[in-house]
Every structure is written in C-alpha cells, then in structure tokens.
Amino acid sequence: MKKNTKFLVLALLVSFMSVGVYKIFFEAPPLVSESYQIPSQQDSMNPTTQLTSALKEKSELNFTEAAERTVNAVVHVKNVATTRQPRSLFDYYYGSGETQKAIRGAGSGVILSPDGLIVTNNHVIKGASELQVTLNNNKTYVAEVIGSSSQNDIALLKIDATELDYLPFGDSDQISVGEWVLAVGNPFNLTSTVTAGIVSAKARDLSGSDNQFQSFIQTDAAVNPGNSGGALVNTRGELIGINTAITSQTGSFVGYSFAIPSNNAKKIVEDLIEFGNVRKAVLGVRGTDLNSETAKQLEIEISQGFYINGVDPKSGAYKAGLKKGDIIKSIDNIRIRKFADMTGYLSSKNPGETVTITYLRNNNERESKVTLDIFKVYQIEDIGLEVSEISKDQLQKYGASSGVVIRKVLPNSFTKNDITGVLITKINDKEVYTIEDVKTIIKNKNSEEPMLVTFLTPKGQEKTYVFR
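Everything numeric in this text was worked out from a predicted model, so none of it was measured.

Novice: How do you make sense of the packing of aromatic side chains when you look at a structure like this?
Specialist: Two descriptors summarise a pair of aromatic rings, namely the distance from one centre to the other and the angle between the planes of the rings. Under the criterion given, the structure shown has 7 aromatic pairs. Measuring from centroid to centroid gives 6.2 Å for Phe414 and Tyr465, while their planes differ by 45°, and the two rings are tilted. A residue pair is termed long-range when its members are at least 10 positions apart, and Phe414 in the loop between strand 23 (404-409) and strand 24 (423-427) and Tyr465 in strand 27 (residues 462-467) qualify at 51 residues. Above the face of the Phe375 ring, Lys280 is positioned so that its terminal group lies 4.9 Å from the ring centre.

Structure follows, in structure tokens:
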C-alpha cells in the first residue's frame, strides 16, 4: 500500500512539472500595450495633455470683448483741403472767390482721454487745411492739431467733447510673437472695421535709416489704406500699437502690416504735450548689428547683439565705462538682438533716465547703469535743414575743428539733393560747435540781412552759400 502511494505522489509531481514547463516555454505571455484613444466628450472636459489644453484654449478664444472695448474709441479722421474757386477775373487777381472743401485723405485715430485727446499718424493729417473727426456714433467734430512729429509719424489731435470712450496705452514690451491681436480702423472709408491676426515679428526695421522710427510691431492682421492711425489691441482690449504702414506693391494688404509700439507712441505723445517736440534719449554709442558675417570679420563668436564701435566722450555710456568692442546683450532685461531692438526700447525712454546695460567684454558678462543723454537737434527753417551735434572724433574725420552735421533735409529745403552727413562749419563767418551756437547766431541775425552758411563735405570740399 505504501508502495502504491509513493507511485501516486510521484506521478502527480511529474504531471505538475510538465504543466509548469509548458506554461513557461510554450504558452505566449499576454501582450501589454498602450493605446491612444480619441477622448470622449466627457474626457475632453478635463484635458490632460498639452495638445488638448491648447485646443481647449483656442476654442475658448473670444475677440468680442476686446472689439467692443475698442471700436468706440477709434475714430475716422478726414484730411480736408480748403481752396478758393475764383468766380471772375476780379476774384482771380485779388484772391477772393467761393470757398470749397475737398477730402484729400482719410485715416483713423485713437481716443486717449475722455475729453478728446486723439493720437493718429502724421501722414494722415499732413497738409490739411481742416481736420474732421467722426466718432463711431456718427458725430463729427473739427479737430485741432496739438503737436506732430514727422520723424516718428505721430500726431496728437484734440476735439471739443467730453465723456468719450477711450483706450489707455498698454505695455508693448510685454507682447510676444504668436500672440493674437486685433486691428481696428476705417479702411477704404469702411468705418469701425475689426480684423484679427497674430504678432509675426517685433522690432521690425523698415526705413534702413537712422533718421526715421525703425522698430515696428509686425502683424498679419489685415490693414489697408484708411487703417493708418488706428488701434492695435491685444485680446484684453489693451492698446499695444498704432497701425502705421503696410508693405505692398499694389497699395493694399498682402499679408503684413506694421504698428508703432504703444510704449513708443506714449512717450511721443507725452513729449508733444509737455515740450511741443519729441526729445530723443541716446546711450552715446556707435556700432553695428551682429550676424555671422560681421562676427567672422570681428573674430568673435557671438552672432546676436549690438557691437560698440565707438563711444562718444562725455556721454552716459562713456561715464559708465562702456568701450569699443563691448557687445550689448540686453537693456533693462529687454533682449537686444539687433540695432532696431535697442533703438526701439530707447525710443520709449526719456533723457535723464537710467537704464541697466548687460554687455559682453572679452566673453565675460558685465553690467553697468547708464544715464541717457538727450539727442540734440535743431531745424534751420530758413534753409530747410535739420542739424545735430557730433563729437571731436567725428570732426577729425572731416578734418574740421568745428561744425554741426546735417542729419535731415526738410521738405522746404533749398536743395532737393540728399546732403545728410555734410557739416555746417560757419554761419555768418562765425564758427559753430553746438546747437546753441546755431540758435544764437540765427536769433541775433537781422531778418533783412542775408545768411552766409559754410558747408564741408566728408571729402573735404568746402563751399559757402548766401541765403537771402
């Protein structure tokens, strides 16, 4: 009996071992896999991935509140030219006759205060005999020009009204590429038009010249003739730019439009109110953008930033210790990739303000505080030229000991040639060193006596002209 029991236990043990071997070596293990399922409506209420979060945010994006806040604060500006039409030979010879008005241009403007301050572009109001402003409720007012800057393409108007809807300036430094924006204006005389797009670039330079504003917000929101001077706002309805220009071979929108950043427009408006002109703040440095080619020529590894090629003596930058060869990387934590980044930010600052400059010297990062200087310019109205001061180092390049440099030829200039960069060394045989010298000589000149102006070209050619 015991012998039979041993055989039974042995048989059972062999059977269990056989089943175990089969399970281990012959039976396939269960598959473990991850499946991606399209979430159900209930699941989509609580998205857990970045993709579904982004889709949810986009689906909730709503421009109606921003549009409602903006549309009543944007006005239609009409540039009216007044002429007299002679009705007889007597009217023709004596300048009388019937007064006629004609619309010579139109644009947009943004109300900045409840009592009727309005900002627009200078090119919208240029040459106007009269300016008519029409609100979104169809009320029309005659506007007064408080001040304007052709260089910055900004004008400030005033209408006699109260309790108006208005848009305060927002902070354009805080906008990001890819951010949604609205353009509000009056294209093709279609009043109260709202278009949407994104910020496609910042600090865009269109002019290629130091004489004009050159740090625009670029957007793909549709802007057409008539939008100039209108509002660019973010989705919260904050004014972040003044729509100013488009680039097009046809004159109509082809995908890109440009706006003056609100921080710059705000500074220009405040200057026009307080001083009657725009005061430009400067670091006191000269230089160039960095890219791969210039970095190779300069034998440096950095391909972004502003390379300092010279520092003006007595400037804030000189006093702060900046030198030739330094590379400016940021100002007040605003990244500087190119010259337009730097000029765009500095254009929002006032002379006398202090900024923090982060720069590289011999690949070592440093930081200095610089007090901004005022960029002194003066317009000699009698001959239609704008001049500014230059340093002794720059004068030496001309072989001159005195002079102010022509930086702009005005529309009423005695010449149609571009003579920017030419020096004025003497006025009425008196040497000029500063803007104040020029002002003093012109102020003390008898209005009936001629004015003698001596010019010196960069090539050393000197000529004196008599202006009567």
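Novice: Help me out: how do you make sense of the nonpolar core in this one?
Specialist: Note on soluble globular proteins: their nonpolar side chains tend to be buried together. Residues Val110, Leu112, Val119, Ile154, Leu167, Ala231 and Leu239 are the most contacted members of the largest nonpolar core, which totals 23 residues. At the level of secondary structure, the elements contributing two or more residues to this core comprise helix 4 (64-71), strand 6 (154-158), strand 7 (180-185), strand 10 (231-234), strand 11 (239-246), strand 12 (257-261) and helix 7 (262-274). Two domains each provide a minimum of three residues to this core, namely domain 1 (67-159) and domain 2 (179-275). Leu167 has contacts with Arg69, Thr70, Ala73, Val110, Ile111, Leu112, Ala231, Val233, Gly237 and Leu239, leaving out every residue within four places of it along the chain.

Novice: Help me understand the pattern of salt bridges, please; the structure alone is not making it clear to me.
Specialist: Oppositely charged side chains may form a pair once their charged atoms are brought near each other. If you walk through the whole model with that rule in mind, you get 8 salt bridges. Here Arg286 makes a salt bridge to Asp312, at a shortest N to O gap of 2.2 Å. Residue Arg286 is found in strand 14 (residues 285-289), and its partner Asp312 is found in the loop between strand 15 (306-311) and helix 9 (316-319); the two are separated by 26 residues along the sequence. Between Lys439 and Glu436 there is a salt bridge, with the nearest N and O atoms lying 3.7 Å from each other. One end of the pair, Lys439, and the other, Glu436, are both in helix 12 (residues 435-444), 3 residues apart, so they sit about a helical turn from each other. Under the relative-accessibility criterion, Lys439 is labelled partly exposed at 33%. The class for Glu436 is partly exposed, based on a relative accessible area of 46%.

Novice: So what exactly am I meant to see when it comes to the sheet that holds strand 9 (residues 216-219) here?
Specialist: Neighbouring strands of a sheet are bound in pairs by backbone hydrogen bonds; such pairs are parallel or else antiparallel. Taking strand neighbours around the barrel as the criterion, the 6 strands line up as 7-8-9-12-11-10 in a closed arrangement whose pairing is antiparallel. Mean inter-strand twist for the sheet, computed between neighbouring axes without regard to direction, equals 45°. Looking at chain direction, strand 7 and strand 8 (residues 193-204) are connected through 6 bridges and run antiparallel. In the sheet register, Val184 faces strand 8, and the bridge partner there is Val194. Along the sheet face, helix 7 touches strand 11 and strand 12 and points at about 50° away from the line of strand 12.

Calculation rules
- Residues numbered from 1 in each chain as written.
- Predicted model: local features only at pLDDT ≥ 70, side-chain atom pairs only at ≥ 80, totals over all residues.
- Heavy atoms only, no water.
- Phe/Tyr/Trp six-rings, centres within 6.5 Å; stacked < 30°, edge-to-face > 60°.
- Helix = DSSP H or I, 4+ residues; strand = E, 2+ residues; numbered from the N terminus.
- Lys NZ or Arg CZ within 6 Å of the ring centre and 35° of its normal.
- Core = buried A, V, L, I, M, F, W, Y, C linked by side-chain atoms within 4.5 Å.
- Buried < 20%, exposed > 50% of the residue type's maximum accessible area, 1.4 Å probe, protein only.
- Domains from an automatic or database assignment.
- Contact = heavy atoms within 4.5 Å.
- Salt bridge = Lys/Arg side-chain N within 4 Å of Asp/Glu carboxyl O.
- Pairing = 2+ DSSP bridges.
- Axes fitted to C-alpha atoms, helices over the stretch in contact; angles between N-to-C directions.

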